[in-house]
Amino acid sequence: MTVTDDNVSRSRGRNETEEERADRMWQELIQEVRVAQTGVQILFGFLLTVVFTPVYRDLTDANQTIYIVTVMLGAAATGALIGPVSLHRIVSGRRVKPQAVRLASRLTHVGLVLLLATMTCALLLILRVATDDPIVPWLVSGVLLWYLLCWYALPLWTRRRHTSR
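Residues numbered from 1 in each chain as written. Predicted model: local features only at pLDDT ≥ 70, side-chain atom pairs only at ≥ 80, totals over all residues. Heavy atoms only, no water.

(A) A look at helix H2 (residues 18-50). Between its terminal C-alpha atoms H2 stretches 47 Å, which fits the 48 Å expected from 33 residues at 1.5 Å a residue. Among the residues making up H2, those that are buried are Ala22, Trp26, Leu29, Ile30, Val33, Ala36, Gln37, Val40, Leu43, Phe44, Leu47 and Val50. (Helix = DSSP H or I, 4+ residues; strand = E, 2+ residues; numbered from the N terminus. Expected span 1.5 Å × (residues − 1). Buried < 20%, exposed > 50% of the residue type's maximum accessible area, 1.4 Å probe, protein only.)

This is how it looks when you write it as structure tokens:
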């Protein structure tokens, strides 16, 4: 086996240009964003209606504060997860797709972190209203740890374990 053959046999990547790679990565990113957008938009829409219910007036000051923080996080998550669509529309045809993909990826990551915070705060609020049991913070912490495991720990472990150096 020659040096060239050895390099080819170890090659794991695609034979694509920077533009082709950017096109592929853009398509993958948009598919991922669609899933997250749907979830955050449904959650945010639900959160917006809570303030107009009679139950809202009965919330304690602490629970109203948690609600306001949750709505603000939901609004920020929505903005970050819709951002890549606007970014693409504004820069489309300007020959900056590789840069746009990197920026859209960062916006998506920020959006997912904000979605994580929104979901955690919403769960905290719901469980505080549903019960005044002192176990609520533990339950919410357990779900937060589950989210962190599913959304970050397992993907980072997989990337570290299976990415060639």
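(B) Representation of the environment of Val50 in the model. Along the chain, Val50 turns up in helix H2. According to the relative accessible area criterion, Val50 is buried, its value standing at 19%. In sequence terms Val50 and Gln31 are 19 residues apart; their C-alpha atoms lie 30 Å from each other.

(C) Structural context of the pattern of salt bridges. Using the criterion set out here, one finds 3 salt bridges in the structure. Its salt-bridge partner being Glu16, residue Arg24 comes within 2.7 Å of it at the nearest N-O pair. For Arg24, a relative accessible area of 22% gives the class partly exposed. Accessibility expressed as a relative area gives 24% for Glu16, which makes it partly exposed. (Salt bridge = Lys/Arg side-chain N within 4 Å of Asp/Glu carboxyl O.)

(D) Here's a closer look at the packing of helix H4 (residues 61-91) against helix H5 (residues 97-130). Contact pair H4 / H5: the axes reach a minimum separation of 8 Å and the direction vectors enclose 160°. Classified by the interaxial angle, the pair formed by H4 and H5 is roughly antiparallel. The interaxial crossing formed by H4 with H5 has left-handed handedness. The residue makeup of the contact of H4 with H5, split by class, is 26 nonpolar, 8 polar and 2 charged. (Axes fitted to C-alpha atoms, helices over the stretch in contact; angles between N-to-C directions. Parallel < 35°, antiparallel > 145°, perpendicular 65-115°, else oblique. Left-handed = near helix turned anticlockwise from the far one by under 90°. Nonpolar A, V, L, I, M, F, W, Y, C, P; charged D, E, K, R; others polar.)

(E) Structural context of helix H6 (residues 136-162). Counted at 1.5 Å a residue, the expected span for H6 with its 27 residues is 39 Å, and the 37 Å between its end C-alpha atoms agrees. Leu149 marks the point of greatest bend in H6, at about 45°. Those residues of H6 not exposed but buried are Val136, Val140, Tyr147 and Tyr152. The inward-facing, buried residues of H6 abut H5. (Bend = angle between axes of the 7 residues up to and from the residue. Contact = heavy atoms within 4.5 Å.)

(F) Summary view of the confidence of the model for the protein. Confidence in the prediction for the protein averages 91 pLDDT; 92% of positions are at 70 or higher. Ranking the elements of the protein by mean pLDDT puts helix H1 (residues 3-10) last with 45 and H6 first with 97. In this model residues 1-11 is a low-confidence stretch, pLDDT under 50, and it forms 2 contacts with partners more than four residues away in sequence or in other chains. (pLDDT = per-residue confidence, 0-100.)

(G) Structural context of the side chain of Gln37. Considering the arrangement of structural elements, one finds Gln37 in helix H2. Excluding anything up to four places from it in sequence, Gln37 contacts Leu81, Ile82 and Val85.

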